[in-house]
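Listed below are the residues making up each chain.
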Amino acid sequence: MRVGIVGLGYVGLPLAVAFAAADVDVVAVDLDARLIDAIAAGRSHVEDVPAEALAAALPRLHPTTDYARLRDTDAVLICVPTPLSANREPDLGPLLACAQELGGVLAAGQLVVLESTSYPGTTRERVAPLLERGGLRAGVDFHLAFSPERVDPGRTDFTLANTPKVVGGLTEACGDRAEEVYRTVCSSVIRVGTPEAAELTKLLENIFRAVNIALVNELALLTDRMGIDIWEVIDAASTKPYGFMRFEPGPGMGGHCLPVDPFYLAWRAREFDMPLEFIELAGKLNQQMPYHCVAKLQRTLNEQGRAVRGARIALLGVSYKPGVADVRESPALKIIALLRELGAEVVYHDPLVGELAAHGLRSLAAEEALAGADLALVVTALPGFDYAGLAARVPRVLDLRGVVPPAAGVVRL
Ligand SMILES: NC(=O)c1ccc[n+]([C@@H]2O[C@H](COP(=O)([O-])OP(=O)(O)OC[C@H]3O[C@@H](n4cnc5c(N)ncnc54)[C@H](O)[C@@H]3O)[C@@H](O)[C@H]2O)c1
């Protein structure tokens, strides 16, 4: 079997390496020629793909910018980005460009699977017509399915191999073929009846998280006013053996998924006269969190008789979650902008994020970042960082993640 993967990012590259590791030849396509050169030279930009894994995969992995190379494959898996536009509507530009290119090289009998997250109807209504432009018919001359990627970057206990893979084919035969292909790299495949059901499954998973995070964030805003420790409450509630699932408050949501995906559904739902209020409300609450965190920082400094203007604030962790280099939609970016507007001097330490070019900042060693800082702001928990020793190194710590042990000078969200 030969598999093609289009889009070699956080989703596509691990998938390509997994197929190569299963002795499948992989044609790996991306628009970005520099990325293709780097992958061909064995340099990985995704933490979940260590250099050794990429090196081991390379004999079977064929990185290229040329879509025509996909013609010789049995299956093509699409993993291009599905972002929001500036006015927060689905931007299917990269996906439609990919489907258009693919439509020009598709061969009869191939399987095409969309893995990029999108609203129900995308595979059938938007992707299929572009794939059919060469005259082949979806579900008749070639197979088409949707299968959401569930990868959780940085996670090692659940990977592609042991996370059940949901598959919805345009026809029964399309689903059968997609299941067969995924069985090469996944131990469990879950079939649903249509691409739309598979598309909505992914959105339900992410909306569930977004709404529950918003719920604890709202409670954190309340407990801040009431003088109750939200972390103590969450720890206590989490002892219930059933009917409760732990979610934690924080400075807001980041990454390519949670801040984006729910709005794909909200947008589609409006076409059905159905404003999705849970999603909009969760988005509103989560977006407020960086502002709340900065207001809390202002109060914390105020208690020391310090203003934000002129204060040196050391951010610890700027990626959107622990153990990854990804800063897309990271609340740290908003917090940095807000602190600078107030006249603070901002520095940061994050071993995985060497620089924040748009902000003109480089990661400093922890010593250097904390030296002379008026406050350390824990935005994202850094794996292996000595939080127990932090209170002794700076006058104040504001911990937005509940990872710093209680001590004098430590304030928690
Ligand atoms: N990152 C995650 O944790 C995650 C998890 C589950 C699902 N997803 C979904 O998977 C999809 C991809 O996400 P990602 O994080 O891997 O994105 P990414 O930005 O890391 O990678 C996408 C890659 O696609 C390439 N690309 C863009 N347009 C292209 C085109 N027309 N042809 C060929 N290549 C093209 C880009 O150059 C880039 O290398 C998105 O729909 C996302 O919502 C992401």
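Summarised in this report is the structure supplied together with it. Predicted model only: the values in this text are computed from it and were never measured.

**Some details on the site of the ligand**
Reasoning step 1: Of all residues adjacent to the ligand, which total 26 residues, the nearest are Val-11, Asp-30, Tyr-67, Thr-82 and Thr-117.
Reasoning step 2: Asp-30 is positioned with one of its side-chain polar atoms (N or O) 2.6 Å from an oxygen atom of the ligand.
Reasoning step 3: Isolated, the ligand exposes 840 Å² of accessible area, and the fraction of that covered by the protein chains is 90%.
Reasoning step 4: The residue makeup of the shell around the ligand, split by class, is 15 nonpolar, six polar and five charged.

**Considerations on the environment of Leu-297**
Reasoning step 1: Tracing the sequence through the fold places Leu-297 in helix α10 (residues 277–303).
Reasoning step 2: The residues touching Leu-297, leaving out its near neighbours within four places in the chain, are Val-308, Ile-313, Leu-339, Leu-375, Leu-377 and Leu-398.

**Some points on the layout of surface pockets**
Reasoning step 1: Reported here for the second largest pocket is a volume of approximately 310 Å³.
Reasoning step 2: In terms of lining residues, the second largest pocket is bounded by 15 residues, among which Met-253, Pro-259, Asn-286, Gln-287 and Glu-329 are the most central.
Reasoning step 3: Listing elements by their share of the lining of the second largest pocket, those giving two or more residues are α10 and α11 (331–341).
Reasoning step 4: The greatest single-element share of the lining of the second largest pocket, amounting to five residues, is contributed by α10.

**Observations regarding the sheet that holds strand β15 (residues 410–412)**
In sheet architecture, strand pairing relies on hydrogen bonds along the backbone and comes in two forms, parallel and antiparallel.
Reasoning step 1: The strand order across the open sheet built from five strands is β10-β9-β13-β14-β15, with neighbouring strands paired in parallel fashion. Both edges of this open sheet fall to β10 (345–349) and β15, since each of them pairs with a single strand only. Sheet twist, expressed as the average angle between the axes of neighbouring strands with direction ignored, equals 20°.
Reasoning step 2: Across three bridges, strand β14 (residues 396–399) lies against β15 in parallel orientation. Of the residues in β15, the one forming a bridge with Leu-398 is Val-411.
Reasoning step 3: Contacting β9 (312–316), β13 (375–378), β14 and β15, α10 runs over the sheet at an angle of about 160° to β14.

**A short note on the sheet that holds strand β5 (residues 111–114)**
Reasoning step 1: The sheet built from eight strands is open, its strands ordered β3-β2-β1-β4-β5-β6-β7-β8 with mixed pairing. Only two strands of the sheet have a single neighbouring strand rather than two, namely β3 (61–64) and β8 (189–192). Geometrically, the sheet is characterised by an average inter-axis angle of 25° between neighbouring strands, direction not taken into account.
Reasoning step 2: The pairing of strand β1 (residues 2–6) with strand β4 (residues 75–78) spans four bridges and is classified as parallel. The partner of Ile-5 across the bridge, within β4, is Leu-77.
Reasoning step 3: Against the sheet, helix α1 (residues 12–21) engages β1, β2 (25–29), β3 and β4, with an angle of about 170° to β1.
Reasoning step 4: The strands touched by helix α7 (residues 195–226) are β6 (143–146), β7 (165–169) and β8; relative to β7, the strand with the most contacts, the crossing angle is about 150°.

**A look at α11**
Reasoning step 1: For α11, every residue scored as buried is listed here: Pro-331, Ala-332, Ile-335, Ile-336, Leu-338 and Leu-339. Down the axis, α11 shows its buried residues gathered within 170° of arc, on one side only.
Reasoning step 2: Contacts made by the buried residues of α11 are with α10, β9, β10, β11 (355–356), β12 (361–362) and β13.
Reasoning step 3: In the stretch just after α11, Gly-343 is the one whose phi turns positive, near 95°.

**Re unusual backbone geometry**
Reasoning step 1: Of note, Arg-88 is a non-glycine position whose phi angle comes to about 60°, a positive value.
Reasoning step 2: Tracing the chain through its elements places Arg-88 in the loop between β4 and α4 (93–103).
Reasoning step 3: A positive phi angle, close to 60°, is found at Glu-329, a residue other than glycine.
Reasoning step 4: Checked against the element boundaries, Glu-329 lands in the loop between β9 and α11.

**A few points about the packing of α7 against helix α9 (residues 261–270)**
Reasoning step 1: Running from amino to carboxyl end, α7 crosses α9 at an angle of 115°, the nearest separation of the two axes being 8 Å. When the axes of α7 and α9 are compared, the crossing they make is left-handed. For the pair α7 and α9, contact is made by Leu-200, Lys-202, Leu-203, Asn-206, Ile-207 and Ala-210 and by Asp-261, Pro-262 and Leu-265, respectively.
Reasoning step 2: The class makeup of the residues in the contact of α7 with α9 is six nonpolar, one polar and two charged.

**What to know about empty space enclosed by the protein**
Reasoning step 1: Overall, the coordinates contain two cavities of 30 Å³ or more when judged by the stated rule.
Reasoning step 2: Computed from the structure, the largest cavity encloses a volume of approximately 60 Å³.
Reasoning step 3: Lining the largest cavity, in full, are Pro-148, Glu-149, Arg-150, Val-151, Thr-159, Leu-160, Thr-163, Pro-164 and Lys-165.
Reasoning step 4: Each pocket or cavity is described by its volume, and for the second largest cavity that value is around 40 Å³.
Reasoning step 5: Ile-207, Ala-210, Val-211, Met-253, Leu-258, Pro-262, Phe-263, Ile-279, Ala-282 and Gly-283 together form the lining of the second largest cavity.
Reasoning step 6: Breaking the lining of the second largest cavity down by element, the ones donating at least two residues are α7, α9 and α10.

What counts as what
Residues numbered from 1 in each chain as written. Predicted model: local features only at pLDDT ≥ 70, side-chain atom pairs only at ≥ 80, totals over all residues. Heavy atoms only, no water. Near = heavy atom within 4 Å. Polar contact = N/O pair within 3.5 Å; in protein donor to acceptor, adjacent residues only side chain to side chain. Areas by Shrake-Rupley, 256 points an atom, 1.4 Å probe, with all protein chains shown as cover. Nonpolar A, V, L, I, M, F, W, Y, C, P; charged D, E, K, R; others polar. Helix = DSSP H or I, 4+ residues; strand = E, 2+ residues; numbered from the N terminus. Contact = heavy atoms within 4.5 Å. 1 Å grid on protein atoms, 1.4 Å probe; cavity = no way out; pocket = protein on both sides within 12 Å on 5 of 7 lines; lining within 4 Å. Points joined across faces, edges and corners; volume = space filled by probe spheres on them. Pairing = 2+ DSSP bridges. Axes fitted to C-alpha atoms, helices over the stretch in contact; angles between N-to-C directions. Buried < 20%, exposed > 50% of the residue type's maximum accessible area, 1.4 Å probe, protein only. Arc of directions from axis to C-beta. Left-handed = near helix turned anticlockwise from the far one by under 90°.

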